[in-house]
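Spelled out from the first residue to the last, the chains are:
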Amino acid sequence: MKHAFWTGLFLIGMVATAHAAIPGDEAKGLWLSGDKAAIIEFKECSDVAGALCGTIVWDKDAGTPADACGTTIAKLKRYDGEAWREGWAFDPRTKKYYKATVRTEKSSLLLRAFVGVELLGETEEMTRASSIPAGCKPR
């Protein structure tokens, strides 16, 4: 009986380790913004190996002067085991840059933008998206 317990515990640990094989990868993928106005794709940056970039791949304003399709809204240099850090977030509506962190919590992505210290910032909670609606045109 004791052997079965340890074997089961070992198997659960193996599954958990396989699921989170690369630290920080849970942030990668498609995320619907908190206001449901955009879908952001988070993936490895093309210009900085190991960094995480977020780019708008769908915008409710596609085809209008407010269109933000293709805009990079986040770039974070390193993952520390808790969050992506050492980077920035860009608000395309106000055209302002902020310091930023990105972390996942359950089924949400939390993008925290701040000036100065993280404690004084604002967090946008995003939910995972399964696909990209039509609208954005490649730039």
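None of these values were measured; they are calculated from a predicted model.

Enquirer: Explanation requested: a nonpolar patch on the surface in the structure shown.
Expert: A cluster of nonpolar side chains, namely Val117, Leu119 and Leu120, defines an oily patch on the protein surface of about 360 Å² accessible area. Relative to the elements of secondary structure, Val117 occurs in the loop between strand 7 (108–114) and strand 8 (122–128). Take Val117: its relative accessible area is 46%, and that puts it in the partly exposed class.

Enquirer: How should I be thinking about the packing of aromatic side chains in this particular structure?
Expert: Within a pair of aromatic rings, the relevant descriptors are the distance that separates the centres and the angle that separates the planes. Using the criterion set out here, one finds 3 aromatic pairs in the structure. Considering the side-chain rings of Trp88 and Tyr97, the 5.1 Å spacing of their centres and the 75 degrees angle between planes classify their relative orientation as edge-to-face. In this structure Trp88 comes out as partly exposed when scored by relative accessible area, which is 27%. Taken together, the aromatic side chains of Trp88, Phe90 and Tyr97 make up a single cluster linked through ring pairs.

Enquirer: Sorry if this is basic, but what is going on with the sheet that holds strand 2 (residues 38–44) here?
Expert: What links the strands of a sheet is backbone hydrogen bonding, and the strands pair in either a parallel or an antiparallel sense. Read once around its circumference, the closed barrel built from 8 strands follows the order 1-2-3-4-5-6-7-8, with strand pairing classed as antiparallel. Averaged over all pairs of adjacent strands, the angle between strand axes in this sheet comes to 30 degrees, irrespective of strand direction. Across 6 bridges, the pairing between strand 7 and strand 8 is antiparallel. Bridged to Arg112 within strand 8 is Thr123.

Enquirer: Would you mind showing me how to read the state of the cysteines here?
Expert: Throughout this description, disulfide means a covalent bond between two cysteine sulfur atoms. Applying the stated criterion to the full structure yields 2 disulfides. Note that Cys45 is cross-linked by a disulfide to Cys53, the S-S spacing being 2.0 Å. Taking the sign of the S-S torsion, about 100 degrees here, the bridge from Cys45 to Cys53 comes out right-handed. Cys53 carries the same exposure label as Cys45, and that label is buried. Sulfur-sulfur distance for the disulfide between Cys69 and Cys136 comes to 1.9 Å. Between Cys69 and Cys136 the sulfur-sulfur dihedral comes to about -70 degrees; the bridge is accordingly left-handed.

Enquirer: For this particular structure, what's the right way to read the environment of Trp84?
Expert: Relative to the elements of secondary structure, Trp84 occurs in strand 5 (residues 84–91). The exposure class of Trp84 is buried, given its relative accessible area of 5%. Between the alpha carbons of Trp84 and Ala51 there is a distance of 8.6 Å; along the sequence they are 33 residues apart. Here Trp84 is in contact with Gly24, Ala27, Gly50, Ala51, Leu52, Leu76, Lys77, Arg78, Tyr79, Ala100, Thr101 and Val102, once residues within four sequence places are set aside. Within the local environment of Trp84, its side chain forms a polar contact with the backbone oxygen of Gly24, the two atoms lying 3.2 Å apart.

Enquirer: Can you walk me through the side chain of Arg112 in this structure?
Expert: Within the element layout of this structure, Arg112 appears in strand 7. One buried charged side chain, Arg112, makes no salt bridge at all; its nearest oppositely charged neighbour is Glu118, positioned 4.6 Å away. There is a polar contact of 2.6 Å between the side chain of Arg112 and the side chain of Thr123. Ignoring sequence-local partners within four residues, the contact set of Arg112 consists of Lys99, Ala100, Thr101, Glu118, Leu119, Leu120, Gly121, Glu122 and Thr123.

Enquirer: Got a minute to help me understand the pattern of salt bridges in this structure?
Expert: Any two side chains of opposite charge can pair, so long as their charged atoms come close to each other. In total, this model carries 11 salt bridges according to the counting rule given. A salt bridge links Lys28 to Asp25, with the shortest nitrogen-to-oxygen separation between them at 2.9 Å. On the basis of relative accessible area, Asp25 is assigned to the partly exposed category, the value being 28%. A salt bridge links Glu82 to Arg85; the shortest N-O distance between them is 3.1 Å. The partly exposed category is assigned to Glu82, whose relative accessible area is 47%. Within this structure, Asp80, Glu82, Arg85, Arg103 and Glu118 form a network of salt bridges that share partners.

The rules behind the values
- Residues numbered from 1 in each chain as written.
- Predicted model: local features only at pLDDT ≥ 70, side-chain atom pairs only at ≥ 80, totals over all residues.
- Heavy atoms only, no water.
- Patch = residues over 30% accessible without salt bridge, like charges linked within 9 Å, V, L, I, M, F, W, Y side chains within 5 Å.
- Areas by Shrake-Rupley, 256 points an atom, 1.4 Å probe, with all protein chains shown as cover.
- Salt bridge = Lys/Arg side-chain N within 4 Å of Asp/Glu carboxyl O.
- Helix = DSSP H or I, 4+ residues; strand = E, 2+ residues; numbered from the N terminus.
- Buried < 20%, exposed > 50% of the residue type's maximum accessible area, 1.4 Å probe, protein only.
- Phe/Tyr/Trp six-rings, centres within 6.5 Å; stacked < 30°, edge-to-face > 60°.
- Pairing = 2+ DSSP bridges.
- Axes fitted to C-alpha atoms, helices over the stretch in contact; angles between N-to-C directions.
- Disulfide = S-S within 2.5 Å.
- Contact = heavy atoms within 4.5 Å.
- Polar contact = N/O pair within 3.5 Å; in protein donor to acceptor, adjacent residues only side chain to side chain.
- Lys, Arg positive; Asp, Glu negative; His and termini not counted.

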